[in-house]
Amino acid sequence: MRVTHWLTFIAFVALVVTGGLIVISHPRFYWGEVGNVNTRPLFVIPIPSSRDTVPTGYKYVMPDENGWSRALHFEAAWVAVLAGLVYGIYGLWSGHFRNLIPARRDWNWHAYSARIAKYLRRAPPDRSEERSYNVLQRTAYVVVIFALFPLMIWTGLAMSPSFTAAFPVTAELLGGRQSARTIHFIVTGLLLLFLFVHVAMVALSGFRSRMRAMITGYTRDSEEAP
Amino acid sequence: MSLSKNPISRRRLIRGGVAAVAGVAGLAAADRLAKRYGLIPPDGSGIYGPGESLTYACQRLLTTRTPAHEFSRSMISKNPFANAVAPPNDAFKRLAVGGFRDWRLVVDGTVAHPMSLSLADLKGLGVHSQITEVACEEGWSYIAEWIGTPLSGVLREAGVLPQTRYIVYSSIEEGAWASIDMQDAGDPHTLLTMGMNDGDLPVPFGGPLRLRLPRQLGYKSLKYINHITATDNIKKFGKGLGGVDPEYGYAWYAGI
């Protein structure tokens, strides 16, 4: 279980770096099926491009890194998908997801606002939260695991000309190939946001003890977070 | 510290070992099966080999005999984007002066009848049209109507021998070549394209002759095609990676 977490982490870093390098070759985003420099973009990232065919306003053309970036991107995607598969099967089998899905009684705004207020007061966790996750943590994990990661895979496949030939609906449901690419980019931002908050929370609750727990699986009950 | 608290107990060690052995055995078996059924691409070795092979094998198993995605006429892009091309070389310019009447497509390799076809000969083999999208690996795309003769018809005329595994195609541009497997070569949408949107195929879009391969990214749709070679051994060509793009790190199989 911890192995899948770290495999996913390594794959995610590789995917973000190579994805960024690929975006540089065309830092324009569109909605619909088609989009190119002759069509109106939805938004543009104001950076130079690695292609001199893209009008960016800069005179500078970045080095082209797409060859190895694409190869590593897809290999890392396979690592993430296979790790996710193992995690999903194990999670269903072990009942791990029961610890993640927010409890029925917390399905209301009050539970969320109460938990946020607690964070703002910097109150220590409840007894019930010490060994499990609170409603905000659970929601964040559920959204990342069951919405954002699947959406990344879906939008990634919707950009594959061979896959959409077999299953055109994967792109059509999203509004087209370019919509899929735009969603792929936006969800990357959401996943990065999750990563920053996740790491910040780990740091706040004691970076070294949390890291030791996540790497070795070993926690010392007597040990308090600094 | 009691033994049960030790995170690496003997039982876990045995369980982990069994899982690792099973994993390695499974991978070895998958590799053998993939090789037997031709699911390893020409660039399926090296550090990115596992990723390339998984993608190629899965897409081949999933997309066998699925035609390219065709669009309605109303979706044809009004301003298609012609990617930058190298300035045409002297040989190209000479043929352009003659209106490409002397353009020839040479077909050789593992075929019963090697041929040399003019554009008129190609049109004589039957003209088809399709409305498909060009998707570039950079991220942009456009839709156009493409008019030409299917590669499969030319291969039938030439009598491709049964041992053939790849079709190598190259451009009048020095060093520009690529290859496809027999599944893509036999796809009716793999089109030797001479026309675009009811006109001749413009030079910036690959005219007079471009091999359109709508189920793969744009870089496999090579412009200015003048030579097709059927082969049973892709290793004999270039660095053996099945194209010039893989020599620069781009995937041979560009269905993704």
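Draft legend 1. Structural detail: the overall build of chain A. Along its length, chain A carries 9 helices and 2 strands. Its C-alpha atoms give chain A principal-axis dimensions of roughly 60 × 35 × 35 Å. Evaluated residue by residue, chain A yields a buried proportion of 26% over its 226 residues. Sequence-distant contacts, at least 24 apart, represent 60% of the contacts inside chain A between residues at least 6 apart.

Draft legend 2. Molecular detail of the interface of chain A and chain B. Each side of the interface is counted separately: chain A has 34 residues, and chain B has 39 residues. Every element with two or more residues in the side of chain A that touches chain B is listed here: helix H2 (66-94), helix H6 (161-166) and helix H8 (177-204) of chain A.

Draft legend 3. A look at the sheet that holds strand S5 (residues 166-171) of chain B. All names here are of chain B. Strands sit in the order S2-S1-S10-S5-S6 across an open sheet of 5 strands; the sheet is mixed. Here the strands that pair on one side only, and so sit at the sheet edges, are strand S2 (115-117) and strand S6 (177-181). With strand direction ignored, the average angle separating the axes of adjacent strands in the sheet is 20°. When S5 meets S6, the two strands line up antiparallel, connected through 5 bridges. Considered in S6, the bridge of Tyr-166 is made with Asp-181.

Draft legend 4. Local environment of the confidence of the model for chain B. Residues and elements named next belong to chain B. On average, residues of chain B carry a pLDDT of 90, and 96% of them reach 70 or more. Every residue in residues 1-5 scores below 50 in pLDDT, and together they form 2 contacts with partners more than four places removed in sequence or on other chains. On the interface metric, ipTM, the complex scores 0.88, and its pTM is 0.89.

Cut-offs applied
- Residues numbered from 1 in each chain as written.
- Chains lettered and ligands numbered in written order.
- Predicted model: local features only at pLDDT ≥ 70, side-chain atom pairs only at ≥ 80, totals over all residues.
- Helix = DSSP H or I, 4+ residues; strand = E, 2+ residues; numbered from the N terminus.
- Buried ≥ 20, exposed ≤ 12 C-beta atoms within 10 Å, placed from the backbone.
- Contact = placed C-beta atoms within 7 Å.
- Pairing = 2+ DSSP bridges.
- Axes fitted to C-alpha atoms, helices over the stretch in contact; angles between N-to-C directions.
- pLDDT = per-residue confidence, 0-100.

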